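Structure assessment
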Amino acid sequence: MNKFARYLFISSFLMQSCFSNRETESVLVYPTVQIEFGHEIPFEIKKVICRKDSNWLRVTLTLNNPTLNTVGIALTDWEIETQEGIRSPAINTSDSVIQIGSNKISKIELLFDPINSLKLFRQTGIKGSLLQSYKLNYRETKGHIYLAASKKTYEAYLKNQERPKIFFIDTMNLFKKQELNYLQANLGLNKNGVEIHDEEFLINGLNLILNIYAYKDTVYLKMKVVNHSVFPINIKPGAITLRTESNIYNSVAQHKTDSATIPRSQRGYLEERYPVKNFRDRYFFIDISSISFLTPKPISVFYCKDLRANQFGD
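Let me sum up the structure you'll find in this document. (Residues numbered from 1 in each chain as written. Predicted model: local features only at pLDDT ≥ 70, side-chain atom pairs only at ≥ 80, totals over all residues. Heavy atoms only, no water.)

Once that is clear, we can look at the sheet that holds strand S6 (residues 87-89). Pairing is antiparallel across the open sheet formed by 5 strands, whose spatial order is S1-S10-S9-S5-S6. Edge strands, defined here as strands with exactly one partner in the open sheet, are strand S1 (32-37) and S6. Here the average twist between neighbouring strands, direction ignored, is 20°. The pairing of strand S5 (residues 78-81) with strand S9 (residues 133-138) spans 4 bridges and is antiparallel. For Glu81, the partnering residue across the bridge sits in S9 and is Lys135. (Pairing = 2+ DSSP bridges. Helix = DSSP H or I, 4+ residues; strand = E, 2+ residues; numbered from the N terminus. Axes fitted to C-alpha atoms, helices over the stretch in contact; angles between N-to-C directions.)

Quick look at the structure:
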């Protein structure tokens, strides 16, 4: 065991990893930059191949067992990590354990679908384009393999990536005041409250989060509702339309019902999809008039019929 009881810094490893001498602009590969494994690891790493596979990362490890005992390698012990510290486990593990006999060499294959941008993932559910570098971890802290694509191949890869256009709700300065006036005039409550934080509305205990983005000829609207208000909330799936200066778009999402009620202390989720080819509008309007407080007479949550969505960066 002493022959590999050290940290390995192998510059010559680049010659045999990930086809580093055969990189082309059409193939995104990740040569090994550095390996750090401690003496307690019961195997040696002979070769690493890492490359893009669809939108995933496929890693093939060639491992040698120099010990006198059979070594079991659990696929669940491996994870990929970004520079931001976002960790993603392998998606092909199925609780598999690869057994490597004494003085034997074996290969294991790991498939990763990493979250490359946590902010983008929270906004849209999209994990983002692959990054230029990653760290492959074994048992979190027991061992690390550093991987990095060349600048040339990575820039060629990015040129072909379509990035989602993120939109935010433009409430402007008067929204809070006008909404409070509307609630006081229509709900009959002694006290009303309105707060706005980025894409989240807090209106009399109703938490409404709107995530809106355009991606691959489709505009997506994802709505999360947490109802802490004193009234049930009614939403009509499919009734939320998008309006640009020249067109009105209806959602093509399939819903089980055309009217849904969210009781007090309950939550709901709604996703609408609007097919729009070559969407170039920098802003549009969302018809939110069908979202209501279920008082004896349903009252629209918002004082206005539409909310304006602006593209980030405008």
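Additional details are given in the paragraphs that follow.
Right, let's talk about the sheet that holds strand S16 (residues 233-235) for a bit. A sheet is described by the order of its strands in space; here 4 strands give the open sequence S19-S16-S22-S23, paired in antiparallel fashion. For this open sheet the edge positions go to strand S19 (260-262) and strand S23 (299-300), each flanked by a neighbour on one side alone. In this sheet, S23 lies alongside strand S22 (residues 292-293) in antiparallel orientation, the contact comprising 2 bridges. Opposite Ser292, over in S23, you have Ser300 as the bridge partner.

Position of Leu242 among the secondary structure elements: in strand S17 (residues 242-243). Each C-alpha atom, one on Leu242 and one on Val230, is 29 Å from the other, the two residues being 12 residues apart in sequence. For Leu242, the residues in contact, after removing those within four places along its chain, are Val219, Asn247, Ile248, Tyr249, Tyr274, Phe284, Phe285 and Ile286. (Contact = heavy atoms within 4.5 Å.)

A word on the side chain of Glu179. Tracing the sequence through the fold places Glu179 in helix H3 (residues 175-186). For the buried Glu179, no salt bridge exists, and the shortest N-O distance to an oppositely charged side chain is 12 Å, to Lys176. (Buried < 20%, exposed > 50% of the residue type's maximum accessible area, 1.4 Å probe, protein only. Lys, Arg positive; Asp, Glu negative; His and termini not counted. Salt bridge = Lys/Arg side-chain N within 4 Å of Asp/Glu carboxyl O.)

A few words on helix H2 (residues 151-159). Structural remark: α-helix, 3.6 residues per turn; residues separated by three or four positions point the same way. Taken residue by residue, H2 has Thr153, Tyr154, Ala156 and Tyr157 as its buried positions. Burial along H2 is one-sided: seen end-on, the buried residues are contained in an arc of 160°. Facing away from the buried side of H2 by more than 90 degrees, the exposed set consists of Lys151, Lys152 and Lys159. Of the surrounding secondary structure, the elements contacted by the buried residues of H2 are strand S2 (44-53). (Arc of directions from axis to C-beta.)

Residues Ile212, Met223, Ile286 and Phe302 are the most contacted members of the largest nonpolar core, which totals 41 residues. Counting residues per element, this core draws most heavily on strand S14 (residues 206-214), which supplies 5 residues. Beyond its immediate sequence surroundings of up to four residues, Met223 is in contact with Leu208, Ile209, Leu210, Ile235, Ile240, Gly268, Tyr269, Leu270 and Ile291. (Core = buried A, V, L, I, M, F, W, Y, C linked by side-chain atoms within 4.5 Å.)

With that settled, consider the side chain of Lys135. If you trace the backbone, Lys135 turns up in strand S9. Given a relative accessible area of 18%, Lys135 falls into the buried group. Apart from the residues lying within four places of it in its own chain, the contact partners of Lys135 are Glu79, Ile80, Glu81, His144, Ile145 and Tyr146.

Let's shift gears to the packing of aromatic side chains. A full pass over the atoms with the stated rule returns 18 aromatic pairs. On the basis of an interplanar angle of 55° and a centroid distance of 5.6 Å, the ring pair of Phe175 and Tyr303 is categorised as tilted. Highlighted residues: Phe175 in helix H3 and Tyr303 in the loop between S23 and strand S24 (306-311), separated in sequence by 128 residues. On the basis of relative accessibility, which here comes to 3%, the residue Phe175 falls in the buried class. A residue is classified by how much of its surface remains accessible, and Tyr303, at 32% relative accessible area, is partly exposed. In this structure an aromatic cluster arises from ring pairing among Phe37, Phe43, Trp78 and Tyr138. Here Arg308 stacks its cationic end above the ring of Tyr283, 3.7 Å away from the centre of that ring. (Phe/Tyr/Trp six-rings, centres within 6.5 Å; stacked < 30°, edge-to-face > 60°. Lys NZ or Arg CZ within 6 Å of the ring centre and 35° of its normal.)

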